[in-house]
Amino acid sequence: MDLRIFTEPQQGASYDTLLAVAKATEDLGFDAFFRSDHYLSMGSSDGLPGPTDAWITLAGLARETKRIRLGTLMTAGTFRLPGVLAIQVAQVDQMSGGRVELGLGAGWFEKEHKAYGIPFPKEKFARLEEQLAIVTGLWATEVGKTFSYDGTHYQLSDSPALPKPAQRKIPVLIGGHGATRTPRLAAQYADEFNLPFASIEDTERQFGRVRAAAEKAGRAPGDLVYSNALVVCVGKDDAEVARRAASIGREVDELKANGLAGSPAEVVDKIGRYAATGSSRIYLQVLDLDDLDHLELISSQVSSQLS
């Protein structure tokens, strides 16, 4: 089971804070550092000191880290034109020496679009499908050849399809709870299917849909990595669990029901139940980015048992 650290910087984090978390992620043996792609805080958070851009952040971290994978859950398709996104991600992949992964979604938070003057189109899923075709098509085009695309929402003519990533193929993540279109898109384009904040029962059901879609598309279901994203709140004892839950404005019982919370033994046990559904990777949503002791505890007493 791979454990990856997943952050939500729109809730309030500077680049320096994210750098500290990323370096701890690397030093403590976690597999990857991922972040959300949002420009507006959610809930009661004031979001101070303000948003950071996902791909600018990852470009900085690409030069400041050496081993961990870097990526997004999920880049909002509404924020960037697909040709521009392909250039950005390929460049950051070069900067990192080939450690980047792209999670790409349709975009959903209308309020942040209004706050920063970003168009919020009605047909987002159809645009996402074209974006996936364009981004992966640009990367796959041989050097010296050109790429063209004539879609409903995007048109590219004789693109040189440069630059190329450092990796032969940047892993693409697609995720979500949609019962039909999401599994179909994952079967066509994804290297990894991620299900965020889902119960074990819902995970098993959605993974089954994706496997069925892969088979229908003529692809071996085992070609995909299956993963979950879950909020994490671990403590050495009940008091520490309660303190960490309070620091993120959550209740312990709710976190235990809907995330990975409790003692290291409790969390290891629940991760095992997700593993039984076919999940081989967990993105640990860490909401208190100043609590690096939390990461150390997870590394020493959760990761060690899983390995």
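Right above here is the structure, for reference.
Criteria and cut-off values
The residue numbering used here restarts from 1 in each chain and proceeds along that chain's sequence as written. Only residues with pLDDT of at least 70 are given local features in this predicted model, and only at 80 or more are side-chain atom pairs given and counted; all residues enter the totals for whole chains, interfaces and linings. Side-chain metrics in this entry use all non-hydrogen atoms of the structure; hydrogen atoms and water are not considered. Only DSSP runs of H or I reaching four residues or more are called helices, and only runs of E reaching two or more are called strands; each is numbered from the N terminus. Each radius of gyration is computed over the set of C-alpha atoms, and the globule rule expresses the reference value as 2.2 Å times the number of residues to the power 0.38. Buried means the residue's accessible area, taken with a 1.4 Å probe over protein chains only, is under 20% of the maximum for its type, while exposed means over 50%, and partly exposed covers the values in between. In this description, contact between two residues means that some pair of their heavy atoms is separated by no more than 4.5 Å. Note on aromatic pairs: the rings of Phe, Tyr and Trp (six-membered ring only in Trp) are paired at centre separations within 6.5 Å, and the planes decide the class, stacked below 30 degrees, edge-to-face beyond 60, tilted for the rest. For a ring to carry a charge above it, either NZ of a lysine or CZ of an arginine must fall within 6 Å of the ring centroid while also lying within 35 degrees of the normal to the ring plane. Between N or O atoms, a polar contact is any pair within 3.5 Å; within protein, one atom must be a potential hydrogen donor and the other a potential acceptor, and residues adjacent in sequence are included only when both atoms are from side chains. Strands qualify as paired when DSSP identifies two bridges or more between them. Working definition of a nonpolar core: buried Ala, Val, Leu, Ile, Met, Phe, Trp, Tyr and Cys residues. They are joined through side-chain atoms within 4.5 Å. Only protein atoms enter the 1 Å grid used here. Points where a 1.4 Å probe fits but cannot escape make up a cavity, open sets with protein on both sides within 12 Å along at least five of seven lines make up a pocket, and a residue lines them when an atom lies within 4 Å of a point. Grid points are joined across faces, edges and corners, and a volume is the space filled by probe spheres set on the points. Residues are grouped as follows: Ala, Val, Leu, Ile, Met, Phe, Trp, Tyr, Cys and Pro are nonpolar; Asp, Glu, Lys and Arg are charged; all remaining types, including Gly, are polar.

Caption draft 1: Fine view of the overall build of the protein. When helices and strands are counted, the protein shows eleven helices and twelve strands. Relative to the 2.2 N^0.38 estimate, which gives 19 Å for 307 residues, the radius of gyration of the protein is 19 Å and therefore close to what a compact globule would have. Seen through its principal axes, the protein has C-alpha atoms that stretch 60 × 45 × 35 Å. Within the protein, the fraction of its 307 residues that count as buried is 54%. Pairs at least 24 residues apart make up 73% of the contacts formed inside the protein by residues separated by at least 6 positions.

Caption draft 2: Inspection of the packing of aromatic side chains at higher detail. A complete count under the given rule lists six aromatic pairs for this structure. Taken together, the aromatic side chains of Y39, F79 and Y116 make up a single cluster linked through ring pairs. Note that K124 overlies the ring of F120, its terminal NZ or CZ placed 4.1 Å from the centroid.

Caption draft 3: Fine view of the environment of V172. For V172, the position within the fold is in strand β8 (residues 172–175). Sequence separation between V172 and A59 is 113 residues; the distance between their C-alpha atoms is 18 Å. With residues near it in sequence (within four places) discarded, V172 still touches L102, L132, T136, W139, Y189, A190, D191 and E192.

Caption draft 4: Spotlight on the environment of E251. Within the secondary structure, E251 sits in the loop between α8 (238–247) and α9 (252–258). Residue class for E251 comes out exposed when judged on its relative accessible area of 60%. Between the C-alpha atoms of E251 and V241, which are ten residues apart in sequence, the distance is 9.8 Å.

Caption draft 5: Just the side chain of T75, in detail. If you trace the backbone, T75 turns up in strand β4 (residues 75–76). Among the polar contacts made by the side chain of T75, one reaches the side chain of W55 at a distance of 2.9 Å. Polar contacts involving the side chain of T75 include one to the side chain of T72, which spans 2.9 Å. Beyond its immediate chain neighbours, meaning those up to four positions away, T75 contacts D37, W55, R80, L85, L102, G103, L104 and G105.

Caption draft 6: Representation of the pairing of strand β12 (residues 281–286) in the model. Among the six residues of β12, six are classified as buried, and the element is accordingly described as predominantly covered. With burial as the criterion, each face of β12 is covered, one bearing R281, Y283 and Q285 and the other bearing I282, L284 and V286. When strand β1 (residues 2–7) meets β12, the two strands line up parallel, connected through six bridges. By the bridge assignment, F6 is partnered in β12 with Q285. Both strand β10 (residues 225–234) and β12 contribute to a ladder of five bridges, which runs parallel. Bridge pairing links V231 to Q285 in β12.

Caption draft 7: Layout of the nonpolar core. In terms of nonpolar packing, the biggest core is built from 72 residues, with F33, W55, L102, W139 and L284 touching the most fellow members. Counting residues per element, this core draws most heavily on helix α5 (residues 124–140), which supplies eight residues. In this structure, F6, A32, L73 and A229 belong to the second largest nonpolar core, which totals seven residues.

Caption draft 8: Main features of the layout of surface pockets. In this structure, the largest pocket spans a volume of roughly 1,200 Å³. Around the largest pocket, the lining is made up of 49 residues, and of these E8, H38, M42, F197 and Q285 lie nearest the centre. Among the residues forming the lining of the largest pocket, the class breakdown is 20 nonpolar, 22 polar and seven charged. Considered as a void within the structure, the second largest pocket measures approximately 170 Å³ in volume. G77, T78, P121, R127 and Y154 are, among the 14 residues lining the second largest pocket, the residues nearest its centre. Residues of the lining of the second largest pocket, tallied by class, amount to eight nonpolar, three polar and three charged.

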